[in-house]
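# Architecture at a glance
The residues making up each chain are set out below.
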Amino acid sequence: MDISVIVPLYNEAESLPELESWIARVMNDNGFSYEVIFVDDGSTDESWQVIKELGAKNPAVKGVSFRRNYGKSPALNTGFARAQGDVVITMDADLQDSPDEIPELYRMITQEGYDLVSGWKQKRYDPLSKTIPTKLFNATARRVSGIHNLHDFNCGLKAYRQKVVKHIEVYGDMHRYIPYLAKNAGFKKIGEKVVKHQARKYGSTKFGLDRFVNGYLDLLTLWFTNKFGIKPMHFFGLLGSLMFLLGFVAAIAVGATKLYNLHNGLPYILVTDSPYFYIALVLMILGTQLFLTGFLGELIVRNSPGRNHYEIEEELGTHNF
């Protein structure tokens, strides 16, 4: 099969027939073998009934219905697990992503050798309250991820080599950072294509401004787990050791100051009357706790079944034992 199109959706019953018809027309015009996987993320409207009706008319239409609303990331991950096409295309169900982009995305994957191609809606039909935070968010994501050629990490229209979607796990709200997840999994040929952004035709957006706050937190989590996920002692142990050492030196300084003043007949105060003593004590306690956190993290990683799981691209002249 040439292409799998994955469409996560929530309450988009009005747009689904038009979207399915549009996808089918593009696929037939270009001679692609394909499937469309609609993942209904717990819709409360007639979305699932519409999907079943579309499937009855077109055998290429498949669907998954969640019992409740879980979010876009679980919907995409479910679609990825079921995709059979050589190239996997993701797009939103609100008709803001154009299926006419599919042939070029497919060509960039199959002929130019990209692992992932992300859409860039260079001209958007969104208010400034959405476009300005989006620009700041993408600038931060480029800096942290090191993927400097992408302008829109969160664009729903993306194309993937099948191997990519089978080797990444999208969870929480990590769909915003799929290019970063792919890069961390070893798929580094990531490209971008300018795509057309269409104004929403039906319904209203399902995302609020809180996604930008959550997005930064998720980015920090992804950066930390990628850098220290299998070596937590490198972060917690180092930071804890530095804090303990600083607190220990400060405590010695407080004690030495009292002894010096006492030896030379100068006025002095009790060590426990000095605020610096308590600051030093807190630093040593925090340092010890951080060090123990790193140590416990290492024990957890050591017993993790995936601690020595590496993705092998090719093998030559080796034997299985």
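Treat the numbers as computed from the prediction; the structure is a model and nothing was measured. (Residues numbered from 1 in each chain as written. Predicted model: local features only at pLDDT ≥ 70, side-chain atom pairs only at ≥ 80, totals over all residues. Heavy atoms only, no water.)

## Quick look at the confidence of the model for the protein chain
- When the pLDDT values of the protein chain are averaged, the result is 87; 88% of them are 70 or greater.
- Per-residue pLDDT, averaged within each element of the protein chain, yields its smallest value for helix 8 (residues 210–228) (75) and its largest for strand 4 (residues 87–90) (98). (pLDDT = per-residue confidence, 0-100. Helix = DSSP H or I, 4+ residues; strand = E, 2+ residues; numbered from the N terminus.)

## Quick look at the nonpolar core
- In terms of nonpolar packing, the biggest core is built from 36 residues, with Ile3, Val5, Phe38 and Ile89 touching the most fellow members.
- Of all elements in the fold, only strand 1 (3–9), helix 1 (16–30), strand 2 (34–40), helix 2 (47–57), strand 4 and helix 4 (102–110) reach the threshold of two or more residues within this core.
- Here the element with the most residues in this core is helix 1; it accounts for seven residues.
- With residues near it in sequence (within four places) discarded, Phe38 still touches Val7, Leu9, Leu16, Leu19, Glu20, Ile51, Leu54, Val61, Lys62, Gly63 and Val64. (Core = buried A, V, L, I, M, F, W, Y, C linked by side-chain atoms within 4.5 Å. Buried < 20%, exposed > 50% of the residue type's maximum accessible area, 1.4 Å probe, protein only. Contact = heavy atoms within 4.5 Å.)

## Side note on the packing of helix 1 against helix 2
- Two elements in contact, helix 1 and helix 2, have axes whose closest approach is 10 Å; the angle formed by their N-to-C orientations is 35°. The two elements helix 1 and helix 2 cross, and the hand of that crossing is right-handed. For the pair formed by helix 1 and helix 2, the contact residues are Leu16, Pro17 and Glu20 on the first element and Ser47, Val50, Ile51 and Leu54 on the second.
- For the contact of helix 1 with helix 2, a count of residues per class yields five nonpolar, one polar and one charged. (Axes fitted to C-alpha atoms, helices over the stretch in contact; angles between N-to-C directions. Left-handed = near helix turned anticlockwise from the far one by under 90°. Nonpolar A, V, L, I, M, F, W, Y, C, P; charged D, E, K, R; others polar.)

## As for the packing of aromatic side chains
- Applying the stated criterion across every chain yields a total of 12 aromatic pairs.
- Taking 5.7 Å as the distance between ring centres and 45° as the angle between the ring planes, the aromatic pair formed by Phe137 and Tyr177 counts as tilted. Taken together, the positions of Phe137 in helix 5 (residues 128–145) and Tyr177 in the loop between helix 6 (162–165) and helix 7 (178–184) put the pair 40 residues apart, joining distant regions of the chain. The residues Phe137 and Tyr177 share a single accessibility class, namely buried. (Phe/Tyr/Trp six-rings, centres within 6.5 Å; stacked < 30°, edge-to-face > 60°.)

## Re helix 10 (residues 275–302)
- Over its 28 residues, helix 10 runs 41 Å from end to end, which matches the ideal 40 Å to within 8%, given 1.5 Å per residue.
- What helix 10 keeps buried is the set Ala280, Leu283, Met284, Gly287, Gly294, Gly297 and Val301.
- Looking at the buried positions of helix 10, the neighbouring elements they touch are helix 9 (233–263). (Expected span 1.5 Å × (residues − 1).)

## Topic: unusual backbone geometry
- Positive phi values are uncommon outside glycine, yet Asn11 reaches one of about 55°.
- In this structure, Asn11 sits in the loop between strand 1 and helix 1.
- At Leu95, a residue that is not glycine, the phi angle is positive and equals roughly 70°.

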